[in-house]
Every structure is written in structure tokens, then in C-alpha cells.
Amino acid sequence: MSEEVITPSPKCFSAPFNSKTAEIPEGMSKSEWKRQQKAKLFEEQKKEWTQKKKEKHKKLKAERKRQQEELIASGAIEAPVAVYKPPLKKVNAQVIIDCAFDDLMTDKERISLGSQILRVYSDNKRGPLTVNMMLSSFNKKLAHRFNTNMQGQHLQWKNVKILEDDYQIPGNDNANWVYLSSDSSNVLNELDENMTYVIGGIVDKGRYKNLCKDKADAQNIKTGRLPIEKYIQLAGRKVLTTNHVFELLLKWFEFKDWKAAFDAVLPQRKIIKHKDEEEEEEEAKEEEAIKEKEEEEEEEEEEEKIITES
Ligand SMILES: C[S@@+](CC[C@H](N)C(=O)[O-])C[C@H]1O[C@@H](n2cnc3c(N)ncnc32)[C@H](O)[C@@H]1O
């Protein structure tokens with residue numbers, strides 16, 4: 001099958017623009033003009049290559065299926081057994097991703113948050129548990145990105161409430177609400193299925209300390225931070241990404257145990273081992289080293305014995 005090259009990003013467009021003959025707006029550099037032309041061309045051709053990509057993917061899938069069927073028919077492989085997927089178990093808790101900080105992010109950070117929200121949606125859909133998920137203040141550039149670049153896929157999402165406005169606390173009864181913030185002095189040792197948990201929808205690389213805590217304080221909502229220090233030692237900052245925090249909540253409801261939740265969610269390179277485990281490992285290494293030394297000494301004694309005897 002001949003491989004068709006599909007343009008994956010605006011960077012791949014060679015610039016067919018002649019900046020010598022073009023009318024570049026006053027005050028704009030040549031490179032900025034070229035960047036804008038490329039982005040425009042990319043937008044114009046994106047639909048076409050997305051379509052081509054989809055068709056190519058469909059063809060490949062059909063080909064793989066045909067090959068598999070041939071192998072099954074010839075007895076070379078066994079037919080796959082359908083795996084039973086139990087239905088999602090619904091947890092009563094509500095988890096809100098607060099997208100009110102749109103203006104504080106760079107374009108790149110907003111793109112990253114968009115991907116994190118996709119991740120959150122798919123984690124909540126994949127199970128085994130699912131919570132009541134909501135996006136609030138979904139009304140600016142992030143929403144625009146979902147509506148345009150991301151082809152409005154969020155409009156097909158099931159079991160997710162998407163609010164353009166900020167969340168509202170029913171009857172102003174905030175007793176069952178907690179805004180999660182790494183800046184909170186309140187440690188959440190346990191979660192509660194009857195609560196609403198708010199997670200800040202922002203990628204800020206640590207620029208805005210207390211941002212979410214201040215918002216929660218102003219709205220009289222309690223805050224809580226995850227018990228990171230108590231259960232794991234995280235290499236680097238104690239501020240987690242929005243999708244990791246969401247997934248941690250799901251995993252806590254599944255295991256009812258923070259250590260298990262952290263282990264399941266965070267990449268192992270981020271986790272420094274528990275002190276006890278580290279100490280145990282250190283002790284085992286020391287014991288091993290002592291044993292090796294003793295064996296070496298015994299061997300040397302044995303050798304000396306052989307030499308003096310011979
Ligand atoms: C990248 S952080 C945003 C940090 C931001 N400067 C702030 O004021 O929260 C994204 C969100 O994840 C949640 N989060 C991150 N680390 C957390 C932690 N250690 N404990 C509780 N929530 C955390 C918070 O809801 C936070 O708003």
C-alpha cells in the first residue's frame with residue numbers, strides 16, 4: 001500500500017509565500033507575516049487532511065481486520081474472546097473543573113489544559129467508577145478552542161454538565177463544598193461521596209500561588225489539599241495537574257486509600273519511595289554488602305590455606 005504523507009501541523013508547511021513581493025502590513029516583521037500565512041493555510045487545509053487521515057485510518061483498520069480473519073480461518077491464531085466490561089459504578093460526588101482562569105494562561109498552556117480536560121473526560125468514562133463531572137466558566141478561549149480546533153467534540157459528551165457561567169452553590173449551602181488547592185492548610189485525609197469538589201482548571205507553571213484558594217476564600221468555600229507529604233514523597237513541586245487531581249479523586253473512591261491512589265495515578269519517576277521502603281531497601285543493601293565481604297574474606301582465607309598447604 002503506498003503511504004500518503006499527511007501534513008500533521010502548521011510547522012510542516014513549507015512557506016510558499018514570497019515575502020519580497022508580498023504586501024506586509026506596516027510594523028509587522030517578515031517572520032511574523034510568514035507565521036501568520038502558514039497558520040492561515042493550515043486552517044484552510046486542516047479539514048481536508050483530517051478527512052484524509054480518517055480515511056487512511058479506516059483503511060488500515062479494515063486491512064488489519066481482514067488479515068486477522070484470514071489467520072483465524074487458517075487456524076494460525078485463535079479468535080479473540082470478548083472481554084466482559086462491567087457497567088460503570090456511579091459515585092454520588094460531584095467534581096467541577098473551574099475554567100474561570102482562561103485569561104491567565106498562555107496559548108500553549110490553554111492547549112495543554114484542553115488536553116487535560118479530554119483526559120479527565122475519558123478517565124471518568126473509562127471506569128470502573130464515574131463521578132458527576134462538570135465544567136464551569138467554560139466561556140472564553142478554551143471554549144472557543146473546543147468549538148473550533150477540537151471540532152466541538154465536547155458537544156457529544158455524555159454525563160457531563162458544561163456551564164458557561166461560574167458554578168452556583170445550591171441554596172448558598174457551601175457546607176458540602178471543597179475547593180482543592182495545594183495552598184490550603186487543610187489536609188484531606190478522606191473524601192466523601194456526598195461532597196462537591198472543585199478543581200482549578202488552569203496550567204500556570206506555578207505563577208499564581210493562592211489563586212484558587214483566594215477564590216474559594218472569597219466565596220466562603222472550604223479548601224483542602226491532598227495528603228501528598230503523608231503518603232508519598234513527590235519529586236519536585238507539590239502542585240499537581242488538573243487531570244492528575246481528578247484521577248486521584250476517582251482512584252481514592254475506588255481504593256479508599258491515598259497511597260494506592262497516588263501509586264496508580266502518578267508516574268513512578270515522580271514518586272520517591274516511602275521512607276520505610278527506602279530504609280528497608282538501604283538496610284537490605286548494607287546486609288548484602290556485609291555478606292559479600294564475609295564471603296570474600298572466607299575465599300581469601302581458603303586460598304591462603306591452599307597455597308600454604310601446597
Ligand atoms: C496546576 S494546579 C493550579 C495551581 C494554581 N496556582 C492554584 O492556585 O491552584 C491545578 C489545580 O489542581 C488542584 N491541585 C493541584 N495540586 C493540588 C494539591 N496538592 N492538593 C489539592 N489540589 C491540588 C487545584 O485545584 C489546582 O487549582
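Residues numbered from 1 in each chain as written. Predicted model: local features only at pLDDT ≥ 70, side-chain atom pairs only at ≥ 80, totals over all residues. Heavy atoms only, no water.

- Under an unreviewed UniProt entry, the name given to the protein chain is tRNA (guanine(9)-N1)-methyltransferase, and the organism recorded is Nadsonia fulvescens var. elongata DSM 6958.
- Checking UniProt for the protein chain, the heading Catalytic activity (unreviewed entry) contains the comment "guanosine(9) in tRNA + S-adenosyl-L-methionine = N(1)-methylguanosine(9) in tRNA + S-adenosyl-L-homocysteine + H(+)". (UniProt positions renumbered as here; feature names shortened; annotations may be inferred.)

## A closer look at the confidence of the model for the protein chain
Consideration 1: Taken as a whole, the protein chain shows an average pLDDT of 86; of its residues, 80% reach a score of 70 or greater.
Consideration 2: Every residue in residues 1-8 is under pLDDT 50, and counting partners more than four places away or in other chains gives 12 contacts. (pLDDT = per-residue confidence, 0-100. Contact = heavy atoms within 4.5 Å.)

## Some points on the UniProt feature "active site" (unreviewed entry) in the protein chain
Consideration 1: According to UniProt, the feature "active site" (unreviewed entry) maps to Asp204 in the numbering used here.
Consideration 2: You can call Asp204 buried: its relative accessible area is 14%. (Buried < 20%, exposed > 50% of the residue type's maximum accessible area, 1.4 Å probe, protein only.)

## Here we look at the packing of helix α2 (residues 107-126) against helix α6 (residues 242-255)
Consideration 1: Here α2 crosses α6 at 15°, and the two axes come no closer than 8 Å. Relative to α6, the element α2 lies roughly parallel. The two elements α2 and α6 cross, and the hand of that crossing is right-handed. Note on element contacts: α6 touches α2 through Thr242, Asn243, Phe246, Glu247 and Leu250, opposite Leu113, Gln116, Arg119, Val120, Asp123, Asn124 and Arg126.
Consideration 2: Each residue belonging to the contact of α2 with α6 can be placed in one class, and the counts come to four nonpolar, four polar and four charged. (Axes fitted to C-alpha atoms, helices over the stretch in contact; angles between N-to-C directions. Helix = DSSP H or I, 4+ residues; strand = E, 2+ residues; numbered from the N terminus. Parallel < 35°, antiparallel > 145°, perpendicular 65-115°, else oblique. Left-handed = near helix turned anticlockwise from the far one by under 90°. Nonpolar A, V, L, I, M, F, W, Y, C, P; charged D, E, K, R; others polar.)

## Brief notes about the side chain of Asn243
Consideration 1: Structurally, the position occupied by Asn243 is in helix α6.
Consideration 2: Beyond its immediate chain neighbours, meaning those up to four positions away, Asn243 contacts Gln116, Arg119 and Val120.

## Concerning the sheet that holds strand β3 (residues 160-162)
Consideration 1: Taken together, the six strands give an open sheet; going across it, the order is β3-β2-β1-β5-β4-β6, and neighbouring strands pair in parallel fashion. The outermost strands of the open sheet, each flanked by one partner alone, are β3 and β6 (222-224). With direction set aside, neighbouring strand axes in the sheet form an average angle of 25°.
Consideration 2: As paired elements, strand β1 (residues 89-98) and strand β2 (residues 129-136) share seven bridges and run parallel to each other. Among the inter-strand pairings, Ile97 is bridged to a residue of β2, identified as Leu135.
Consideration 3: Contacts from helix α4 (residues 211-218) reach β1, β4 (177-180), β5 (196-200) and β6 within the one sheet, and its direction differs from that of β4 by about 160°.
Consideration 4: Lying on the sheet, α6 is in contact with β1, β2, β4 and β5; it crosses β2 at an angle near 150°. (Pairing = 2+ DSSP bridges.)

## Observations regarding the pattern of salt bridges
Consideration 1: Taken as a whole, this structure holds 20 salt bridges when the rule is applied.
Consideration 2: As a salt-bridge pair, Glu32 and Arg35 come within 3.2 Å of each other at their nearest N and O atoms. A residue pair is termed a helical-turn pair when its members lie 3 or 4 positions apart in one helix, as Glu32 and Arg35 do in helix α1 (residues 30-73) at three residues.
Consideration 3: For Glu32, a relative accessible area of 26% puts it in the partly exposed group.
Consideration 4: A salt bridge links Asp166 to Lys215; the nearest nitrogen and oxygen atoms lie 3.3 Å apart. Taken together, the positions of Asp166 in the loop between β3 and β4 and Lys215 in helix α4 put the pair 49 residues apart, joining distant regions of the chain.
Consideration 5: Note on Lys215: relative accessible area 15%, which makes it buried.
Consideration 6: Each of Glu63, Arg66 and Glu70 takes part in salt bridges that share partners, so that together they form one network. (Salt bridge = Lys/Arg side-chain N within 4 Å of Asp/Glu carboxyl O.)

## Examining the pairing of β4
Consideration 1: Residues of β4 alternate between two faces, with Trp177 and Tyr179 on one and Val178 and Leu180 on the opposite face, all of them buried.
Consideration 2: Of the strand pairs in this sheet, β4 and β5 are connected by three bridges, and their pairing is parallel. Its bridge partner being in β5, Trp177 is matched across the sheet by Thr196.
Consideration 3: Where β4 lies against β6, three bridges are found, and the strand directions are parallel.

## Here we look at the pairing of β5
Consideration 1: In terms of residue burial, β5 counts as a mostly covered element, since five of its five residues are buried.
Consideration 2: Across the two faces of β5 the burial is the same, with Thr196, Val198 and Gly200 and Tyr197 and Ile199 all buried.
Consideration 3: Of the strand pairs in this sheet, β1 and β5 are connected by five bridges, and their pairing is parallel. Looking at β5, one finds that Gln94 is bridged to Thr196.

## With respect to the site of the ligand
Consideration 1: Close contacts around the ligand come from 21 residues, with Leu180, Gly200, Asp204, Tyr208 and Leu240 the closest.
Consideration 2: At 3.2 Å, a backbone N or O of Leu211 approaches an oxygen atom of the ligand.
Consideration 3: Lys238 is positioned with one of its backbone polar atoms (N or O) 3.0 Å from a nitrogen atom of the ligand.
Consideration 4: Contact with the protein chains removes 95% of the 540 Å² of surface that the ligand exposes when unbound.
Consideration 5: Of all elements in the fold, only β5, α4 and α6 reach the threshold of two or more residues within the shell around the ligand.
Consideration 6: Here the residues of the shell around the ligand sort into 11 nonpolar, six polar and four charged. (Near = heavy atom within 4 Å. Polar contact = N/O pair within 3.5 Å; in protein donor to acceptor, adjacent residues only side chain to side chain. Areas by Shrake-Rupley, 256 points an atom, 1.4 Å probe, with all protein chains shown as cover.)

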